[in-house]
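Listed here are the chains, written in short residue letters.
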Amino acid sequence: MAPNIEDIEEEQRQFSNVISTFHNYERYSLSANNRRRKDIYTLPRRDQELLDGLGYKQKLDAVDKAILVNAEFLAQIVEDTDLFQGDDQGEEQIQIPPHHDTHSTNQDRSHSYSHDLKHGSHGKGNIQKKYKPTDFDFDKLRSTLKQFVRDWSSEGKIERDSCYEPLKEALVAHYAHVPPEERHQLRVLVPGAGLGRLAFDVAKLGFSCQGNEFSHYMLLSSFFVLNKTTEIKKHTIYPYVHSFSNAPNQQSILQAISIPDVLPSDLPEGSNFSLVAGDFEEIYGTESDPQEPQHGKWDAILTCFFIDTAKNIVNYLRIIHQILALGGIWINLGPLLWHWENNNTNDPSIELDMQELKTLMTKMGFEISNERAIDTTYTNNAQSMLGYVYKASMWTATKKS
Ligand SMILES: C[S@@+](CC[C@H](N)C(=O)[O-])C[C@H]1O[C@@H](n2cnc3c(N)ncnc32)[C@H](O)[C@@H]1O
(Lines give C-alpha, C1' and ligand atoms only; values in the text may rest on other atoms or scores of the structure.)
Protein backbone atom coordinates (compact mmCIF):
# COMPACT_ATOMS: atom_id res chain seq x y z
CA MET A 1 0.00 0.00 0.00
CA ALA A 2 1.40 3.40 -0.98
CA PRO A 3 2.08 5.69 1.98
CA ASN A 4 -0.32 8.58 2.44
CA ILE A 5 0.73 12.21 2.63
CA GLU A 6 0.75 12.24 6.45
CA ASP A 7 3.07 9.23 6.50
CA ILE A 8 5.42 10.94 4.08
CA GLU A 9 5.46 14.15 6.08
CA GLU A 10 6.03 12.28 9.31
CA GLU A 11 8.85 10.34 7.70
CA GLN A 12 10.48 13.53 6.47
CA ARG A 13 10.01 15.24 9.80
CA GLN A 14 11.66 12.40 11.69
CA PHE A 15 14.48 12.22 9.22
CA SER A 16 15.04 15.94 9.49
CA ASN A 17 15.05 15.68 13.31
CA VAL A 18 17.75 13.04 13.16
CA ILE A 19 19.85 15.24 10.88
CA SER A 20 19.38 18.08 13.37
CA THR A 21 20.65 15.84 16.13
CA PHE A 22 23.80 15.09 14.14
CA HIS A 23 24.34 18.82 13.54
CA ASN A 24 23.74 19.75 17.16
CA TYR A 25 26.04 17.11 18.60
CA GLU A 26 28.99 19.49 18.93
CA ARG A 27 27.11 22.24 20.75
CA TYR A 28 25.32 19.81 23.05
CA SER A 29 28.38 17.75 23.92
CA LEU A 30 30.70 20.69 24.46
CA SER A 31 28.11 22.25 26.70
CA ALA A 32 27.83 19.03 28.74
CA ASN A 33 31.60 19.02 29.16
CA ASN A 34 31.60 22.69 30.03
CA ARG A 35 29.24 21.95 32.89
CA ARG A 36 32.11 19.97 34.45
CA ARG A 37 34.40 22.95 33.98
CA LYS A 38 31.94 25.31 35.62
CA ASP A 39 31.46 22.94 38.53
CA ILE A 40 35.15 23.26 39.38
CA TYR A 41 34.63 26.97 40.08
CA THR A 42 31.89 26.22 42.61
CA LEU A 43 34.47 24.49 44.81
CA PRO A 44 36.61 26.11 47.51
CA ARG A 45 39.91 27.44 46.18
CA ARG A 46 41.99 24.76 47.89
CA ASP A 47 39.90 21.99 46.29
CA GLN A 48 40.34 23.63 42.88
CA GLU A 49 44.09 23.64 43.42
CA LEU A 50 44.08 19.96 44.28
CA LEU A 51 42.14 19.20 41.10
CA ASP A 52 44.60 21.37 39.15
CA GLY A 53 47.37 19.16 40.45
CA LEU A 54 45.59 16.14 38.98
CA GLY A 55 45.36 17.65 35.50
CA TYR A 56 41.56 17.45 35.65
CA LYS A 57 41.12 20.63 33.58
CA GLN A 58 43.52 19.36 30.94
CA LYS A 59 41.42 16.23 30.72
CA LEU A 60 38.35 18.39 30.06
CA ASP A 61 40.27 20.23 27.33
CA ALA A 62 41.23 16.90 25.75
CA VAL A 63 37.59 15.82 25.84
CA ASP A 64 36.59 19.05 24.06
CA LYS A 65 39.06 18.24 21.30
CA ALA A 66 37.74 14.68 21.01
CA ILE A 67 34.17 15.99 20.77
CA LEU A 68 35.24 18.24 17.89
CA VAL A 69 36.72 15.23 16.09
CA ASN A 70 33.48 13.28 16.63
CA ALA A 71 31.46 16.26 15.38
CA GLU A 72 33.54 16.41 12.23
CA PHE A 73 32.96 12.71 11.64
CA LEU A 74 29.21 13.00 12.25
CA ALA A 75 29.03 15.99 9.92
CA GLN A 76 30.51 13.88 7.15
CA ILE A 77 27.82 11.26 7.65
CA VAL A 78 25.04 13.77 7.06
CA GLU A 79 26.84 15.79 4.39
CA ASP A 80 24.82 14.50 1.45
CA THR A 81 21.49 13.81 3.07
CA ASP A 82 19.58 14.78 -0.04
CA LEU A 83 20.47 11.30 -1.19
CA PHE A 84 18.14 9.87 1.39
CA GLN A 85 15.16 12.19 1.09
CA GLY A 86 12.04 10.60 -0.40
CA ASP A 87 10.62 12.17 -3.52
CA ASP A 88 7.31 14.02 -3.74
CA GLN A 89 5.41 10.84 -4.36
CA GLY A 90 6.67 9.30 -1.18
CA GLU A 91 8.18 6.54 -3.22
CA GLU A 92 10.97 4.38 -2.02
CA GLN A 93 14.10 6.30 -1.32
CA ILE A 94 16.67 6.99 -3.94
CA GLN A 95 20.39 6.45 -4.11
CA ILE A 96 21.04 2.83 -4.69
CA PRO A 97 24.76 2.46 -4.89
CA PRO A 98 26.30 -0.94 -5.45
CA HIS A 99 25.56 -3.37 -2.63
CA HIS A 100 23.53 -0.91 -0.64
CA ASP A 101 19.93 -0.66 -1.55
CA THR A 102 17.80 1.60 0.58
CA HIS A 103 14.04 1.79 0.70
CA SER A 104 12.00 4.26 2.64
CA THR A 105 11.72 4.21 6.38
CA ASN A 106 8.73 5.36 8.29
CA GLN A 107 9.90 5.48 11.81
CA ASP A 108 12.90 5.62 13.94
CA ARG A 109 13.08 3.84 17.19
CA SER A 110 16.55 2.48 17.52
CA HIS A 111 17.64 1.04 20.80
CA SER A 112 20.87 0.39 22.46
CA TYR A 113 21.35 -2.54 24.74
CA SER A 114 22.49 -0.43 27.61
CA HIS A 115 21.45 -0.78 31.21
CA ASP A 116 19.72 2.57 31.12
CA LEU A 117 17.52 1.68 28.19
CA LYS A 118 14.84 4.33 28.04
CA HIS A 119 11.71 4.89 26.07
CA GLY A 120 10.97 8.22 24.61
CA SER A 121 9.68 9.96 21.60
CA HIS A 122 10.96 12.58 19.27
CA GLY A 123 9.96 16.12 19.85
CA LYS A 124 7.84 17.96 17.33
CA GLY A 125 9.08 20.34 14.71
CA ASN A 126 8.67 20.55 11.01
CA ILE A 127 11.92 21.75 9.71
CA GLN A 128 15.42 21.17 10.79
CA LYS A 129 16.10 24.66 12.10
CA LYS A 130 13.15 24.58 14.46
CA TYR A 131 13.81 21.23 16.00
CA LYS A 132 15.62 21.13 19.29
CA PRO A 133 17.00 17.63 19.75
CA THR A 134 16.23 16.02 23.07
CA ASP A 135 18.50 14.18 25.47
CA PHE A 136 16.92 11.03 24.10
CA ASP A 137 18.04 11.95 20.56
CA PHE A 138 21.61 12.57 21.71
CA ASP A 139 21.56 9.33 23.61
CA LYS A 140 20.81 7.54 20.36
CA LEU A 141 23.53 9.39 18.52
CA ARG A 142 26.08 8.49 21.20
CA SER A 143 24.91 4.87 20.99
CA THR A 144 25.50 5.03 17.25
CA LEU A 145 29.13 6.00 17.85
CA LYS A 146 29.51 2.95 20.09
CA GLN A 147 27.81 0.82 17.48
CA PHE A 148 30.61 1.80 15.09
CA VAL A 149 33.05 0.21 17.53
CA ARG A 150 30.99 -2.97 17.68
CA ASP A 151 30.63 -3.36 13.94
CA TRP A 152 33.54 -1.69 12.23
CA SER A 153 36.60 -1.49 14.49
CA SER A 154 39.27 -3.95 15.50
CA GLU A 155 38.39 -3.18 19.13
CA GLY A 156 34.91 -4.58 18.40
CA LYS A 157 36.29 -7.91 17.24
CA ILE A 158 35.92 -9.60 20.64
CA GLU A 159 32.24 -8.70 20.71
CA ARG A 160 31.71 -9.68 17.09
CA ASP A 161 33.47 -12.97 17.65
CA SER A 162 31.06 -13.84 20.43
CA CYS A 163 27.92 -12.75 18.54
CA TYR A 164 28.38 -12.86 14.81
CA GLU A 165 30.78 -15.80 14.56
CA PRO A 166 28.41 -18.38 16.12
CA LEU A 167 25.64 -17.19 13.79
CA LYS A 168 27.85 -17.42 10.72
CA GLU A 169 29.25 -20.78 11.80
CA ALA A 170 25.75 -22.21 12.24
CA LEU A 171 24.76 -20.89 8.80
CA VAL A 172 27.81 -22.35 7.09
CA ALA A 173 27.42 -25.65 8.95
CA HIS A 174 23.78 -25.97 7.92
CA TYR A 175 24.64 -25.39 4.29
CA ALA A 176 27.90 -27.35 4.38
CA HIS A 177 26.64 -29.45 1.46
CA VAL A 178 26.51 -26.32 -0.75
CA PRO A 179 29.91 -25.50 -2.29
CA PRO A 180 31.02 -21.91 -1.49
CA GLU A 181 30.77 -20.90 -5.17
CA GLU A 182 27.08 -21.84 -5.15
CA ARG A 183 26.20 -20.06 -1.92
CA HIS A 184 24.94 -17.04 -3.83
CA GLN A 185 21.84 -19.09 -4.61
CA LEU A 186 20.94 -19.02 -0.92
CA ARG A 187 19.06 -15.95 0.27
CA VAL A 188 19.83 -14.80 3.80
CA LEU A 189 17.97 -12.03 5.63
CA VAL A 190 19.33 -10.10 8.63
CA PRO A 191 16.53 -8.06 10.23
CA GLY A 192 17.55 -5.27 12.63
CA ALA A 193 20.93 -5.12 10.91
CA GLY A 194 22.30 -2.16 12.89
CA LEU A 195 25.40 -0.88 11.12
CA GLY A 196 25.39 -3.83 8.76
CA ARG A 197 28.50 -5.80 9.70
CA LEU A 198 26.83 -9.17 10.20
CA ALA A 199 25.02 -8.85 6.86
CA PHE A 200 28.25 -7.73 5.20
CA ASP A 201 30.14 -10.70 6.66
CA VAL A 202 27.45 -13.11 5.46
CA ALA A 203 27.67 -11.64 1.96
CA LYS A 204 31.42 -11.97 2.15
CA LEU A 205 30.97 -15.69 2.79
CA GLY A 206 29.28 -15.83 -0.59
CA PHE A 207 25.61 -15.91 0.41
CA SER A 208 23.10 -13.46 -1.08
CA CYS A 209 22.42 -11.30 1.92
CA GLN A 210 19.94 -8.56 2.69
CA GLY A 211 20.00 -6.54 5.88
CA ASN A 212 16.95 -4.67 7.09
CA GLU A 213 16.97 -1.70 9.42
CA PHE A 214 14.60 1.14 10.29
CA SER A 215 16.63 3.56 12.40
CA HIS A 216 17.72 6.67 10.54
CA TYR A 217 20.78 6.86 12.80
CA MET A 218 21.81 3.39 11.74
CA LEU A 219 20.87 3.83 8.09
CA LEU A 220 22.77 7.08 7.63
CA SER A 221 25.78 5.63 9.40
CA SER A 222 25.82 2.30 7.62
CA PHE A 223 25.39 4.06 4.29
CA PHE A 224 28.41 6.18 5.11
CA VAL A 225 30.65 3.35 6.18
CA LEU A 226 29.61 0.99 3.40
CA ASN A 227 29.57 3.39 0.50
CA LYS A 228 31.78 6.31 1.33
CA THR A 229 34.69 4.80 3.15
CA THR A 230 37.61 4.15 0.91
CA GLU A 231 40.40 3.24 3.30
CA ILE A 232 40.88 1.00 6.30
CA LYS A 233 41.11 3.09 9.51
CA LYS A 234 40.17 6.19 7.55
CA HIS A 235 38.18 7.72 10.43
CA THR A 236 38.92 8.23 14.09
CA ILE A 237 36.22 8.60 16.72
CA TYR A 238 36.13 8.96 20.48
CA PRO A 239 32.98 7.07 21.51
CA TYR A 240 33.62 7.08 25.26
CA VAL A 241 34.14 10.78 25.98
CA HIS A 242 30.53 11.41 26.99
CA SER A 243 30.57 9.80 30.38
CA PHE A 244 33.23 9.94 33.08
CA SER A 245 31.60 7.22 35.18
CA ASN A 246 33.42 3.97 35.88
CA ALA A 247 36.59 5.15 34.17
CA PRO A 248 39.73 3.54 35.58
CA ASN A 249 41.91 6.21 33.94
CA GLN A 250 41.92 8.95 31.30
CA GLN A 251 42.77 6.52 28.56
CA SER A 252 39.48 4.68 29.01
CA ILE A 253 37.59 7.91 28.31
CA LEU A 254 39.87 9.27 25.64
CA GLN A 255 40.60 6.10 23.69
CA ALA A 256 40.60 6.71 19.96
CA ILE A 257 38.89 4.14 17.75
CA SER A 258 39.75 3.85 14.10
CA ILE A 259 37.23 2.64 11.60
CA PRO A 260 36.74 0.63 9.53
CA ASP A 261 38.84 -2.43 10.29
CA VAL A 262 38.06 -3.88 6.86
CA LEU A 263 37.35 -2.26 3.55
CA PRO A 264 33.57 -2.36 3.04
CA SER A 265 33.97 -2.26 -0.73
CA ASP A 266 36.08 -5.38 -0.51
CA LEU A 267 33.32 -7.82 -1.41
CA PRO A 268 34.08 -10.50 -3.98
CA GLU A 269 33.01 -9.84 -7.55
CA GLY A 270 29.35 -10.69 -8.07
CA SER A 271 28.44 -10.47 -4.38
CA ASN A 272 24.82 -9.85 -3.62
CA PHE A 273 24.49 -7.57 -0.60
CA SER A 274 21.79 -5.02 0.11
CA LEU A 275 20.36 -3.11 3.03
CA VAL A 276 16.66 -2.41 2.96
CA ALA A 277 15.35 0.45 5.05
CA GLY A 278 12.01 0.20 6.78
CA ASP A 279 10.02 -1.60 9.40
CA PHE A 280 10.60 -5.34 9.37
CA GLU A 281 6.93 -6.08 9.98
CA GLU A 282 5.78 -3.79 7.17
CA ILE A 283 8.30 -4.87 4.59
CA TYR A 284 8.35 -8.61 5.17
CA GLY A 285 4.94 -9.07 6.77
CA THR A 286 2.96 -7.99 3.73
CA GLU A 287 3.21 -8.91 0.10
CA SER A 288 3.15 -5.23 -0.84
CA ASP A 289 5.73 -5.35 -3.60
CA PRO A 290 4.78 -7.72 -6.44
CA GLN A 291 8.35 -7.40 -7.74
CA GLU A 292 9.65 -8.79 -4.50
CA PRO A 293 7.45 -11.54 -3.05
CA GLN A 294 8.46 -12.54 0.43
CA HIS A 295 6.51 -15.65 1.39
CA GLY A 296 8.71 -18.74 1.42
CA LYS A 297 11.53 -16.86 -0.30
CA TRP A 298 14.29 -16.88 2.31
CA ASP A 299 16.63 -19.79 2.97
CA ALA A 300 17.95 -18.39 6.24
CA ILE A 301 17.15 -15.57 8.64
CA LEU A 302 19.79 -14.42 11.11
CA THR A 303 18.68 -12.36 14.08
CA CYS A 304 21.21 -10.88 16.48
CA PHE A 305 19.91 -8.88 19.45
CA PHE A 306 16.74 -8.29 17.48
CA ILE A 307 13.72 -10.36 18.50
CA ASP A 308 13.13 -8.47 21.73
CA THR A 309 12.54 -5.28 19.74
CA ALA A 310 9.07 -6.71 19.04
CA LYS A 311 5.92 -5.22 20.48
CA ASN A 312 4.16 -8.40 19.46
CA ILE A 313 6.64 -11.25 19.32
CA VAL A 314 3.93 -13.53 17.93
CA ASN A 315 3.87 -11.40 14.80
CA TYR A 316 7.67 -11.41 14.48
CA LEU A 317 7.64 -15.20 14.70
CA ARG A 318 4.75 -15.46 12.26
CA ILE A 319 6.59 -13.34 9.70
CA ILE A 320 9.87 -15.20 10.14
CA HIS A 321 8.03 -18.47 9.68
CA GLN A 322 6.03 -17.19 6.71
CA ILE A 323 8.95 -15.84 4.71
CA LEU A 324 11.25 -18.82 5.25
CA ALA A 325 11.23 -21.56 2.66
CA LEU A 326 10.20 -24.99 3.94
CA GLY A 327 13.35 -26.47 5.47
CA GLY A 328 14.81 -22.97 5.81
CA ILE A 329 16.47 -21.93 9.05
CA TRP A 330 16.17 -19.10 11.52
CA ILE A 331 19.33 -18.67 13.59
CA ASN A 332 19.02 -16.41 16.59
CA LEU A 333 21.40 -15.00 19.15
CA GLY A 334 20.35 -12.50 21.77
CA PRO A 335 18.72 -11.82 25.11
CA LEU A 336 15.10 -11.06 25.94
CA LEU A 337 15.40 -7.42 26.89
CA TRP A 338 11.90 -6.49 25.83
CA HIS A 339 12.35 -3.02 24.37
CA TRP A 340 8.79 -1.91 24.83
CA GLU A 341 8.42 -3.09 28.41
CA ASN A 342 7.16 -0.23 30.59
CA ASN A 343 6.93 2.09 27.62
CA ASN A 344 5.31 5.46 28.20
CA THR A 345 3.69 5.66 24.79
CA ASN A 346 0.87 3.21 25.44
CA ASP A 347 2.24 0.73 22.98
CA PRO A 348 1.42 -2.93 23.57
CA SER A 349 4.27 -5.15 24.65
CA ILE A 350 4.19 -8.93 24.89
CA GLU A 351 7.03 -10.11 27.07
CA LEU A 352 7.47 -13.87 26.93
CA ASP A 353 10.07 -15.81 28.86
CA MET A 354 12.38 -18.09 26.93
CA GLN A 355 10.39 -21.22 27.70
CA GLU A 356 7.17 -19.64 26.43
CA LEU A 357 8.97 -18.42 23.35
CA LYS A 358 10.28 -21.86 22.50
CA THR A 359 6.87 -23.45 23.02
CA LEU A 360 5.40 -20.85 20.68
CA MET A 361 8.07 -21.57 18.07
CA THR A 362 7.28 -25.27 18.18
CA LYS A 363 3.56 -24.56 17.85
CA MET A 364 4.30 -22.46 14.79
CA GLY A 365 6.13 -25.24 13.01
CA PHE A 366 9.77 -24.75 13.97
CA GLU A 367 12.09 -27.49 15.14
CA ILE A 368 14.72 -26.12 17.51
CA SER A 369 18.29 -27.41 17.51
CA ASN A 370 21.83 -26.26 18.31
CA GLU A 371 20.57 -24.55 21.46
CA ARG A 372 23.01 -22.91 23.86
CA ALA A 373 23.69 -19.86 25.98
CA ILE A 374 26.49 -17.53 24.94
CA ASP A 375 28.06 -14.97 27.23
CA THR A 376 28.41 -11.75 25.32
CA THR A 377 28.42 -7.97 25.64
CA TYR A 378 26.76 -5.25 23.61
CA THR A 379 28.66 -2.08 22.68
CA ASN A 380 30.82 -2.62 25.69
CA ASN A 381 33.73 -0.34 26.60
CA ALA A 382 36.28 -3.01 27.40
CA GLN A 383 38.23 -0.54 29.53
CA SER A 384 35.30 0.48 31.71
CA MET A 385 34.96 -0.57 35.35
CA LEU A 386 31.42 -1.63 34.51
CA GLY A 387 30.50 -4.34 32.04
CA TYR A 388 27.21 -6.05 31.37
CA VAL A 389 27.34 -9.62 30.19
CA TYR A 390 24.29 -11.13 28.54
CA LYS A 391 23.67 -14.83 28.69
CA ALA A 392 22.38 -14.67 25.17
CA SER A 393 20.25 -17.46 23.88
CA MET A 394 21.26 -19.05 20.63
CA TRP A 395 19.41 -21.55 18.51
CA THR A 396 18.79 -22.81 15.02
CA ALA A 397 15.11 -23.19 14.24
CA THR A 398 14.19 -25.15 11.12
CA LYS A 399 10.85 -24.54 9.41
CA LYS A 400 9.38 -28.01 9.37
CA SER A 401 5.78 -27.23 8.45
C1 LIG B 1 19.84 -3.97 19.53
S2 LIG B 1 20.04 -3.51 17.89
C3 LIG B 1 20.97 -4.86 17.17
C4 LIG B 1 21.69 -4.45 15.94
C5 LIG B 1 22.56 -5.54 15.33
N6 LIG B 1 21.79 -6.70 14.98
C7 LIG B 1 23.68 -5.90 16.25
O8 LIG B 1 23.70 -7.03 16.76
O9 LIG B 1 24.55 -5.06 16.48
C10 LIG B 1 18.44 -3.79 17.24
C11 LIG B 1 18.31 -3.15 15.89
O12 LIG B 1 17.05 -3.47 15.33
C13 LIG B 1 16.51 -2.32 14.73
N14 LIG B 1 15.06 -2.50 14.72
C15 LIG B 1 14.23 -2.56 15.79
N16 LIG B 1 12.97 -2.79 15.40
C17 LIG B 1 13.00 -2.86 14.05
C18 LIG B 1 12.00 -3.07 13.05
N19 LIG B 1 10.72 -3.25 13.39
N20 LIG B 1 12.36 -3.09 11.77
C21 LIG B 1 13.67 -2.92 11.41
N22 LIG B 1 14.67 -2.71 12.30
C23 LIG B 1 14.33 -2.68 13.60
C24 LIG B 1 16.99 -1.18 15.62
O25 LIG B 1 16.95 0.07 14.95
C26 LIG B 1 18.39 -1.62 15.96
O27 LIG B 1 19.34 -1.17 15.04
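Before going into details, it helps to say that this report is about the structure given with it. Note that the structure is predicted; figures quoted are calculated from it, not measured.

### Thoughts on the overall build of the chain
Along the chain, the regular secondary structure elements total 11 helices and nine strands. Every one of the 401 residues in the chain was classed for burial, and the buried ones make up 52%. Of all intrachain contacts in the chain linking residues separated by at least 6 positions in sequence, the fraction that spans at least 24 positions is 76%. On the chain, roughly 18,400 Å² of surface is accessible, and the fraction owed to carbon and sulfur atoms is 49%.

### Observations concerning the packing of helix α3 (residues 56-77) against helix α4 (residues 135-152)
In contact at an axis separation of 12 Å, α3 and α4 are set at 90° when each is read in the N-to-C sense. With respect to α4, the element α3 is oriented roughly perpendicular. Judged by residue contacts, N70, F73, L74 and I77 of α3 engage L141, L145 and F148 from α4. Tallied by class, the residues present in the contact of α3 with α4 amount to six nonpolar, one polar and no charged.

### Concerning helix α5 (residues 157-174)
Taking 1.5 Å per residue, 18 residues should reach 26 Å; α5 reaches 24 Å between its end C-alpha atoms and fits that length. If you look at α5, its biggest bend is around 35°, right at Y164, and the proline P166 turns up within four residues after that.

### Brief notes about a negative patch on the surface
Among the surface-exposed residues, E6, D7, E9 and E282 lie close enough to one another that they form a single negatively charged patch. The element contributing the most residues to the negative patch is helix α1 (residues 5-40), with three residues. In this structure, D7 sits in helix α1.

### A short note on the environment of P191
Topologically, P191 is positioned in strand β1 (residues 187-191). A relative accessible area of 0% places P191 in the buried class. The spatial distance from the C-alpha of P191 to the C-alpha of F214 is 9.4 Å, given a sequence separation of 23 residues. Non-local contacts of P191, meaning those with residues more than four positions away in its chain, are made with N212, F280, I301, L302, T303 and F306.

### Structural notes on the pairing of strand β7 (residues 324-334)
When you tally the buried positions in β7, you get nine out of 11 residues, the bulk of the element. Inspection of the sheet shows strand β6 (residues 298-304) paired to β7 by six bridges, in the parallel sense. Among the inter-strand pairings, W298 is bridged to a residue of β7, identified as L324. Between the parallel pair β6 and β7, the chain is carried across by helix α10 (residues 313-323), and the sense of this crossover is right-handed.

Conventions and cut-offs
- Residues numbered from 1 in each chain as written.
- Predicted model: local features only at pLDDT ≥ 70, side-chain atom pairs only at ≥ 80, totals over all residues.
- Heavy atoms only, no water.
- Helix = DSSP H or I, 4+ residues; strand = E, 2+ residues; numbered from the N terminus.
- Buried < 20%, exposed > 50% of the residue type's maximum accessible area, 1.4 Å probe, protein only.
- Contact = heavy atoms within 4.5 Å.
- Areas by Shrake-Rupley, 256 points an atom, 1.4 Å probe, with all protein chains shown as cover.
- Axes fitted to C-alpha atoms, helices over the stretch in contact; angles between N-to-C directions.
- Parallel < 35°, antiparallel > 145°, perpendicular 65-115°, else oblique.
- Nonpolar A, V, L, I, M, F, W, Y, C, P; charged D, E, K, R; others polar.
- Expected span 1.5 Å × (residues − 1).
- Bend = angle between axes of the 7 residues up to and from the residue.
- Patch = residues over 30% accessible without salt bridge, like charges linked within 9 Å, V, L, I, M, F, W, Y side chains within 5 Å.
- Salt bridge = Lys/Arg side-chain N within 4 Å of Asp/Glu carboxyl O.
- Lys, Arg positive; Asp, Glu negative; His and termini not counted.
- Charge placed at Lys NZ, Arg CZ, Asp CG, Glu CD.
- Pairing = 2+ DSSP bridges.
- Right-handed = clockwise from strand over helix to strand, strands pointing away.

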